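Structural description and commentary
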Amino acid sequence: MELDRDEAGKSARRKAAIRLLPFVFLLYVVCYVDRVNVSFANLRMSADLGFTDRIFGLGAGIFFVGYVLFEVPGALIVERWSARKWMTRIMISWGAVTIGTGFIHTANQFYVARLLLGAAEAGFFPGMIVYLTHWFVAPDRAKAIGSLYAGLPAASVVGSLMAGWLLSLHWLGMTGWRWLFIVEGIPPVVLGVITFFYLTDRPREAKWLTESEREWLQEELAAEAAAKKKTRDYTIWQAFRDKKVWMLILPYFLAVVGAQASIYWIPTFIRRLTGLPSAKVALIAAIPGLVGIAGMLWNGWHSDKTGERRWHSAVPLLCAASAYLLLANTHNTVAAMTLLVLGGGIFYSYYPVYWSMPTLLLSESAAAASFGLINSIGHTGGFFGPTVVGYLNDRTGKATAAFWLIGICYLLAGGLLSRMRVQNPQLTVATELPARSGLATEG
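This section reports on the structure supplied with the text. (Residues numbered from 1 in each chain as written. Predicted model: local features only at pLDDT ≥ 70, side-chain atom pairs only at ≥ 80, totals over all residues. Heavy atoms only, no water.)

In terms of regular secondary structure, the protein is built from 23 helices and two strands. Counting contacts in the protein only where the partners sit at least 6 residues apart, residues at least 24 apart contribute 84% of the total. About 16,900 Å² of surface is accessible on the protein, with carbon and sulfur atoms providing 66% of the total. (Helix = DSSP H or I, 4+ residues; strand = E, 2+ residues; numbered from the N terminus. Contact = heavy atoms within 4.5 Å. Areas by Shrake-Rupley, 256 points an atom, 1.4 Å probe, with all protein chains shown as cover.)

Quick look at the structure:
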């Protein structure tokens, strides 16, 4: 009987991974393409509309104002209502706003479009993290989150390749950067409709699982929640006041400042370092994404295998910091491009491991609230990063100060994470659930 239960568990885990992870990966690719396509549009947009670096930086960063305001409610809606319905709403609305951005003409219209995009997309990422905790047990969670987060560097690759083509268009009297927004706004609308019919909110509703598989997932996830409750029976507001939650917020804020400064400006950095045309810049900008995909998948897998979280989260940031700090003092074009590609890609590796940490500290609605809290406050760094780089570029006339800013933020974030104390998830399960099948040893 125990063997049958073991087999049901293995089958349930495999089916959930095969059905859900490729789809949430696709959703996040589309999400991030639409969030950062403005970085590629800027290769032509600012010149066409007369924007300075400060205007573009502020417009890129103002996305996060709307994003932050609605982040916590979005995560709680997924926990208490329906991921399927909420993700449908999010995707259709952000697709519509993206299409509308293709018709802007003034700085104020640019600011409004970015603000609305942030508000439309708010809740997507923490909602997806919460959704994965409804389906994947602790030893599988970093891999599941890694599969979601792999959509981020993948979006960099996809967005780069699409931009290389779309920026060269001139249809119906409109330049390529306008078509970039219009064409890339269509997929989320289509996927939003598909999401409504494809996603399943909870294991108990999954008709694509057998009864024994549904029971196994429900029992294991309930047992994990009960084990955490023995030591952490928190309310939402207690989670907001928890020192460890806020200790996670500060390094995430600093990492986001560096990451968003890098992501939104890297095509412009490449253009100014090499002088290449927009299409070639877009192709080179795909390389950091490829580095990021490999790093994220390996780091998430190795973290789950060893059960170690702290250094798997800190080391990628420290490596990215080293690349950018060296870049700030490099004058050779080939060396500078190598460091820019490495620094722009390796930092992605910390994401899946970092986002597995809150799930080890909190449970149920408190965990859902902490995702939204960490992501919303941390993402205020997304406003400061691009905005400050725009100011520094206009003030100094070169990118050196921006490289220092990014490197120092990564260095501080990695240093803080290296001091975190996070309990080994495999030991937690082994201690709390010694009789449960396979959870302490599989990973």
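Quick look at the layout of surface pockets now. Taken as a whole, the second largest pocket encloses approximately 320 Å³ of empty space. Leu273, Lys398, Ala399, Thr400 and Phe403 are the residues nearest the centre of the second largest pocket, which is lined by 17 residues in total. When contributions to the lining of the second largest pocket are tallied by element, the ones reaching two or more residues are helix H13 (243-274), helix H17 (333-346) and helix H22 (400-417). When its residues are assigned to classes, the lining of the second largest pocket shows seven nonpolar, seven polar and three charged. (1 Å grid on protein atoms, 1.4 Å probe; cavity = no way out; pocket = protein on both sides within 12 Å on 5 of 7 lines; lining within 4 Å. Points joined across faces, edges and corners; volume = space filled by probe spheres on them. Nonpolar A, V, L, I, M, F, W, Y, C, P; charged D, E, K, R; others polar.)

Here we take up helix H16 (residues 310-327). In a regular helix each residue adds 1.5 Å, so 18 residues correspond to 26 Å; H16 covers 26 Å between its end C-alpha atoms and thus fits that length. Of the residues making up H16, those classed as buried are His312, Ser313, Ala314, Pro316, Leu317, Ala320, Ala321, Ala323, Tyr324 and Leu327. (Expected span 1.5 Å × (residues − 1). Buried < 20%, exposed > 50% of the residue type's maximum accessible area, 1.4 Å probe, protein only.)

In this section: the environment of His312. With respect to the helices and strands, the residue His312 is situated in helix H16. Owing to a relative accessible area of 11%, His312 belongs among the buried residues under this scheme. Residues His312 and Tyr354 lie 42 residues apart in sequence; the distance between their C-alpha atoms is 8.3 Å. With near-sequence residues (within four places) excluded, His312 lies in contact with Asn299, His302, Ser303, Thr306, Ser349, Tyr350 and Val353. Of note is the side chain of His312, whose polar atom sits 2.7 Å from the side chain of His302. (Polar contact = N/O pair within 3.5 Å; in protein donor to acceptor, adjacent residues only side chain to side chain.)

Moving on to unusual backbone geometry. For residues other than glycine, phi is negative in most cases, and the peptide bonds are mostly trans. In this structure, Leu172 is a non-glycine residue whose phi angle is positive, near 50 degrees. Tracing the backbone through its elements, the reader meets Leu172 in the loop between strand E1 (170-171) and strand E2 (174-175). According to the relative accessible area criterion, Leu172 is exposed, its value standing at 78%.

Turning next to the pattern of salt bridges. Oppositely charged side chains can pair when the atoms bearing their charge come close. Considering all chains together, one arrives at seven salt bridges under this definition. Its salt-bridge partner being Arg35, residue Glu121 comes within 2.3 Å of it at the nearest N-O pair. Linking Glu121 in helix H5 (residues 107-121) with Arg35 in helix H1 (residues 2-49), this pair joins segments that are 86 residues apart in sequence. Given the relative accessible area of 1%, Glu121 is considered buried. (Salt bridge = Lys/Arg side-chain N within 4 Å of Asp/Glu carboxyl O.)

Summarising the element assignment, Ser278 is placed in helix H14 (residues 278-284). A polar contact is formed between the side chain of Ser278 and the side chain of Arg271, at a distance of 3.2 Å. Residues in contact with Ser278, not counting those within four places in the same chain, are Leu43, Arg44, Leu167 and Arg271.

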